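# An overview of the molecular structure
Here's the letter readout for the chains.
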Amino acid sequence: MKILEVPYPALNAGMIMVRNQFSLISAGTEGKSVKDARLSMIGKARARKDEVKKVIDAARTFGIKDTYRMVMNRLDAPSALGYSCAGIVIAVASDISEFKIGDRVACGGSSANHAEVIALPKNLCVKLPDTVSFEQASFTTLGAIAMQGVRQADLRIGENAVVIGLGLLGQLTMQILNAGGIKAIGIDIDGKQVATAIKNGLKNCFERSRDDIEQIIFNLTNGFGCDAVIITAATSSSDPVELAGVIARRKAKVVVVGAVPTGFSRKNYYNKELEMRMSCSYGPGRYDPEYEEGGIDYPYEFVRWTENRNMQSFVELLGEGKVNVNVLTSHVFDFPKAPDAYQMILDRSEPFTGILLKYDNTKELKKRVQVTDRIVASANTNIGLIGAGSFGQNFLIPALKDHAKFIGVATSRSNNARNIADKYGFNYCTGNADEIISDPAIATIFIATRHNTHAGYVMEAMKAGKNVFVEKPLCMNENELEEIKNQYAKSQVSVMVGFNRRFAPFIQQLKKSMNEATPKAINYRINAGIVPPEHWVHDPAVGGGRIIGEACHFIDLCMYLAGAKITSVSAKSMNDPHSLTDTVAISLQFANGSIANISYFSNGNKNLPKEHLEVFSGGVVSVMEDFKSLTVFGKTKKENSGTQDKGHKAEVAAFMHAVKNGNPAPISFDDLYTSTLATLKVLESIARGGEVIHL
């Protein structure tokens, strides 16, 4: 663990930027994260058995060396902590009208980190009244979690509830219950927690070990048992759930907020017809990308309490003095001392409840971090990188390191930008892509961001006179494609799309085995696998779907092998309950008489190799199996096999060689344009029921 100097995060559409004043450490959740991070490799493997299986599968595909590198990229990446904070708005995106610079806000979610500056979507922020301090507001996310648990219990004024687990979340839950006119009863296995709760003004708090605990509950509930049980404990024991079954009245609700096993003995739950409910974090909207990232609110009339409205409600309770978090604040650490706070949590060296981190609001902050002052001579091989997710780190950067000088890197996540800059020797890191595009020291820009940003970055880079390498797709629609084409015609730069399969060793061998002048018949089957419908790649506005996002690869490769331009496309997709177009049969015709059939199927089994390619031409048949083997059937049968290589390294090397020497890009812009247009026409054909579309 360390305090890392990072650049400002990216301020994307629908987001606000906040300078934190205070943040709250969630001792349970974050303490476990830190504890797990400190495990040995063997310990991590035991704790993450599903991940180990993925590693084994990856090693079979990519080989041990490349898989090791990919695993270490994940394990070495710094992971930001924290999800509850409060501060002052210092910037807003152009489409934000709900907030303005200077607003005091409470923030939640995975971007609400322990950091001096954060950027997060508008639905994860709420304004603060003057009556609520930043210290108090930093509890808002935990308060919303407690609030959602209470709402799931669906209690009425005068009813009662037992809260099992009297840590910070449990004590917040009891305060909210009391504020709503509900009799709250608390239970914990730790006598110190019980004593702290009583000291903080909570009544009816008891140790689990008491022999008369069940009788106490019945006495406090007039002999009926409690109307609801809210479990806020975190334990591997089933005791909280079993105890809930004993002390609950008939037809009561048991709400699980904390991390506990949900298996239980049948007797009490059956005889009493108890209802067990899970409480999902801050409330409706949590983990829904359209709500959290897209900023699309749920209708007030139909979803009264969303995660944002739960946060607002908790802030109102703070402002009215109905919830007192001051008594829950046991420690305040200056931000640079944050590692000491976590060590205290792990060591349990002293009692704690609410642990706050305080930020120095007089410190001058820098929007970007200069990692090195190395002076670099002007050259076309001076590159800037925009976006560096798993693909960028696992394939692009390793392929680039022997061919380029790394100048600047921009990513939306600050800690990722700094990690990439340190690891690969970039001069600086930033969260602002415009800095990369406008930097005169950078001649060539690599773009590896989400699909909806590609066209804009390509256009801006070309206007700035930069060479461009963009991961597929080039763009999302025909209007963008035409704009790029027109700008390219006015520019004196190289543009390349990451159609790497052309450069794979087996594809090069296959191409040489065929007579270039003879028409080809191509059959290409892709076992694409399932991508969950909620994944961003399926979002029409962000990913554009899997045809645009991935099938473009196979369309381009077929055109390359055919050796002629695509003249027409037709496609049909299988009906899907989520209306996804990711199981598709595509037919292509080419100017030289070649034909291709692409079967892009997502409804298969991952045990089948992903890609199977057959090319028939002039009495020769070439069969490639997942870029691991190539068999050519001609006068004699020739077989070749090896480690999977999809051409990433050769592709990047060829592009960098071209820009270094002022040569044309390895793939002509005309080919890039045609492959992209054909991909877009596939979607048009599907929409028209399989109609043949001529390019």
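Summary of the structure given here. Computed from a prediction, not measured in an experiment: that's the story for all the values here. (Residues numbered from 1 in each chain as written. Predicted model: local features only at pLDDT ≥ 70, side-chain atom pairs only at ≥ 80, totals over all residues. Heavy atoms only, no water.)

### A word on the overall build of the protein
Operational definition: Here a strand is any run of E in DSSP of at least two residues, a helix any run of H or I of at least four, and the numbering for each starts at the N terminus. To get the radius of gyration, use the C-alpha atoms; to get the globule rule, take the number of residues to the power 0.38 and multiply by 2.2 Å. Residue exposure (1.4 Å probe, protein chains only): buried if accessible area is under 20% of the type maximum, exposed if over 50%, otherwise partly exposed. The contact rule is simple, with two residues in contact once any of their heavy atoms fall within 4.5 Å. Residue exposure ignores everything except the shown protein chains as possible cover, and the areas themselves are Shrake-Rupley values with a 1.4 Å probe. Charge counting treats Lys and Arg as positive and Asp and Glu as negative, with His and both chain ends excluded. To locate a charge, take atom NZ for lysine, CZ for arginine, CG for aspartate or CD for glutamate.
In terms of regular secondary structure, the protein is built from 23 helices and 29 strands. A globule of 695 residues ought to have a C-alpha radius of gyration of about 26 Å, and the protein, at 29 Å, matches this closely. C-alpha extents for the protein along the principal axes are approximately 90 × 60 × 50 Å. The buried share of the protein, taken over its 695 residues, is 52%. Of all intrachain contacts in the protein linking residues separated by at least 6 positions in sequence, the fraction that spans at least 24 positions is 68%. Taken as a whole, the protein presents about 31600 Å² of accessible surface, with 51% of it coming from carbon and sulfur. Counting 78 positive and 72 negative side-chain charges, the protein places the centres of these two groups 4 Å from one another.

### Points about the sheet that holds strand β17 (residues 428-430)
Our working rule: Any two strands between which DSSP finds at least two bridges are classified as paired.
Strand order in the open sheet formed by seven strands is β14-β17-β16-β15-β18-β19-β20, and the pairing between neighbours is mixed. Single-partner strands in this sheet number two, and they are β14 (369-370) and β20 (495-497). Note: strand β18 (residues 444-447) against strand β19 (residues 467-470), four bridges, orientation parallel. Opposite isoleucine 445, over in β19, you have valine 468 as the bridge partner.

### A word on the sheet that holds strand β24 (residues 595-601)
Taken in spatial order, the nine strands line up as β28-β27-β26-β25-β21-β24-β23-β22-β29 in an open sheet, and their pairing is mixed. Lying at the two open borders of the sheet, with one neighbouring strand each, are β28 (637-641) and β29 (693-694). With six bridges joining them, strand β25 (residues 611-617) and strand β26 (residues 620-625) adopt antiparallel strand pairing. Looking across to β26, one finds that leucine 613 is bridged to methionine 624.

### What to know about the pairing of strand β15 (residues 382-386)
Note the cut-off: Look down the strands so they point away from you; if the path from the first strand over the helix to the second goes clockwise, the crossover is right-handed.
Burial runs high along β15: five of the five residues are buried. Across the two faces of β15 the burial is the same, with Asn382, Gly384 and Ile386 and Ile383 and Leu385 all buried. Sheet topology note: the β15/strand β16 (residues 405-410) ladder contains five bridges and is parallel. Following the sheet pairing, glycine 384 is matched in β16 by glycine 408. What joins β15 to β16 is helix α15 (residues 390-400), and the crossover it makes is right-handed. Note: β15 against β18, four bridges, orientation parallel. Within β18, the residue paired with glycine 384 across the bridge is isoleucine 445.

### Side note on unusual backbone geometry
For residues that are not glycine, phi is negative in most cases, and the peptide bond is trans in most cases. Here lysine 472 and proline 473 are connected by a cis peptide whose omega angle stands at 0 degrees. For proline 473, the position within the fold is in the loop between β19 and α19 (478-490). Notably, asparagine 204 is not glycine yet its phi reads approximately 55 degrees, a positive angle. Following the sequence through the fold, asparagine 204 ends up in the loop between α8 (191-199) and β8 (205-207). A relative accessible area of 26% means that asparagine 204 is categorised as partly exposed.

### So, the packing of helix α18 (residues 454-463) against α19
For any two helices packed against each other, the geometry is given by the interaxial angle and the distance between the axes. Our working rule: In this analysis an axis means a line fitted to C-alpha atoms, helices contributing only their contacting stretch, and an angle means the value between N-to-C directions, from 0 to 180 degrees. Angle categories are assigned with fixed cut-offs, so that under 35 degrees is roughly parallel, over 145 is roughly antiparallel, 65 to 115 is roughly perpendicular, and the rest are oblique. Whether a crossing is left-handed or right-handed is set by the direction in which the near helix is turned from the far one by less than a right angle, anticlockwise for left-handed and clockwise for right-handed. Under the convention adopted here, Pro, Cys and the residues Ala, Val, Leu, Ile, Met, Phe, Trp and Tyr are nonpolar, Asp, Glu, Lys and Arg are charged, and Gly plus all remaining residues are polar.
Put simply, α18 and α19 touch, their axes get as near as 10 Å, and they point 10 degrees apart. Put simply, α18 runs roughly parallel to α19. α18 and α19 meet at a crossing whose hand is left-handed. Packed against α18, whose contacting residues are Ala455, Val458, Met459, Met462 and Lys463, the element α19 presents Glu480, Glu483, Ile484, Gln487 and Tyr488 at the interface. A breakdown of the residues in the contact of α18 with α19 according to their chemical character gives six nonpolar, one polar and three charged.

### Section: the pairing of β25
The buried count for β25 comes to five of seven residues, which makes it a mostly enclosed element. Pairing of strand β21 (residues 521-527) with β25 involves six bridges; the strand directions are antiparallel. Its bridge partner lying in β25, isoleucine 526 is registered against glutamate 611. From the end of β25 to the start of β26, which pair antiparallel, there are two residues, and glycine 618 there has a positive phi angle of about 55 degrees.

### Examining the pattern of salt bridges
What counts, and what does not: Between Lys or Arg on one side and Asp or Glu on the other, a salt bridge is scored when a side-chain nitrogen of the former is within 4 Å of a carboxyl oxygen of the latter.
Applying the stated criterion across every chain yields a total of 34 salt bridges. The shortest N-O distance in the salt bridge between lysine 463 and glutamate 460 comes to 3.9 Å. Separated by three residues within a single helix, lysine 463 and glutamate 460 lie in helix α18, roughly one turn from each other. For lysine 565, the salt bridge identified is with aspartate 671, shortest N-O distance 2.7 Å. Of this pair, lysine 565 sits in the loop between α21 (546-562) and β22 (566-573) while aspartate 671 sits in helix α23 (residues 669-687), and the two are 106 residues apart along the sequence. Classification of aspartate 671 as buried rests on a relative accessible area of 15%. Within this structure, Glu478, Lys681, Glu684, Arg688 and Glu691 form a network of salt bridges that share partners.

### Let's talk about the nonpolar core
Generally speaking, a soluble globular protein has its nonpolar side chains buried in company with each other. Which entries qualify depends on this criterion: Buried residues of nine kinds, namely Ala, Val, Leu, Ile, Met, Phe, Trp, Tyr and Cys, make up a nonpolar core once their side-chain atoms join them within 4.5 Å.
Counting 60 residues, the largest nonpolar core has Phe426, Phe446, Ile484 and Met656 as its most contacted members. Not counting residues within four places of it along the chain, the set of residues in contact with phenylalanine 426 comprises Val371, Thr372, Ile383, Leu385, Phe406, Ile407, Gly408, Val409, Ile420 and Ala421.

### Brief notes about empty space enclosed by the protein
Quick note on the threshold: Two kinds of site are reported from a 1 Å grid over the protein atoms alone, namely cavities, where a 1.4 Å probe fits but cannot get out, and pockets, open sets with protein on both sides within 12 Å along at least five of seven lines, and residues are called lining when an atom falls within 4 Å of a point. Grid points are joined across faces, edges and corners, and a volume is the space filled by probe spheres set on the points.
The final tally for this structure, using the stated rule, is two cavities of 30 Å³ or more. The calculated volume of the largest cavity comes to roughly 50 Å³. Counting only elements with at least two residues in the lining of the largest cavity, the list comes to α21 and α23. Take the lining of the largest cavity: its biggest share by element is three residues, from α23. Split into classes, the residues belonging to the lining of the largest cavity amount to seven nonpolar, two polar and no charged. In the lining of the second largest cavity, the residues fall into four nonpolar, no polar and three charged.

### Digging into the packing of aromatic side chains
Keep this limit in mind: Working definition: rings of Phe, Tyr and Trp (its six-membered ring) pair if their centres are within 6.5 Å, and the pair is stacked with planes under 30 degrees apart, edge-to-face with planes over 60 apart, and tilted otherwise. Geometrically, a charge over a ring is one whose NZ (Lys) or CZ (Arg) sits within 6 Å of the ring centre while staying within 35 degrees of the ring normal.
Under the defined criterion, the tally for this structure stands at eleven aromatic pairs. Here phenylalanine 446 and phenylalanine 655 contribute two aromatic rings whose centre-to-centre distance is 5.8 Å and whose plane-to-plane angle is 80 degrees, an arrangement assigned as edge-to-face. In this pair, phenylalanine 446 sits in strand β18 while phenylalanine 655 sits in helix α22 (residues 648-661), placing the two residues 209 residues apart along the sequence. The same class applies to phenylalanine 446 and to phenylalanine 655, which are both buried. Residues tyrosine 488 and phenylalanine 669 carry aromatic rings whose centres are separated by 4.1 Å and whose planes lie at 10 degrees to one another, so their mutual orientation is stacked. Highlighted residues: tyrosine 488 in helix α19 and phenylalanine 669 in helix α23, separated in sequence by 181 residues. Phenylalanine 669 sits in the buried class, given a relative accessible area of 10%. Every member of this aromatic cluster is reached through a ring pair, and the members are Phe446, Phe469 and Phe655. Its guanidinium or amino end placed over the ring of phenylalanine 99, lysine 127 lies 5.9 Å from that ring's centre, counting from NZ or CZ.

### Thoughts on the side chain of asparagine 394
Along the polypeptide, asparagine 394 turns up in helix α15. You can call asparagine 394 buried: its relative accessible area is 11%. Non-local contacts of asparagine 394, meaning those with residues more than four positions away in its chain, are made with Arg69, Met70 and Asn73.

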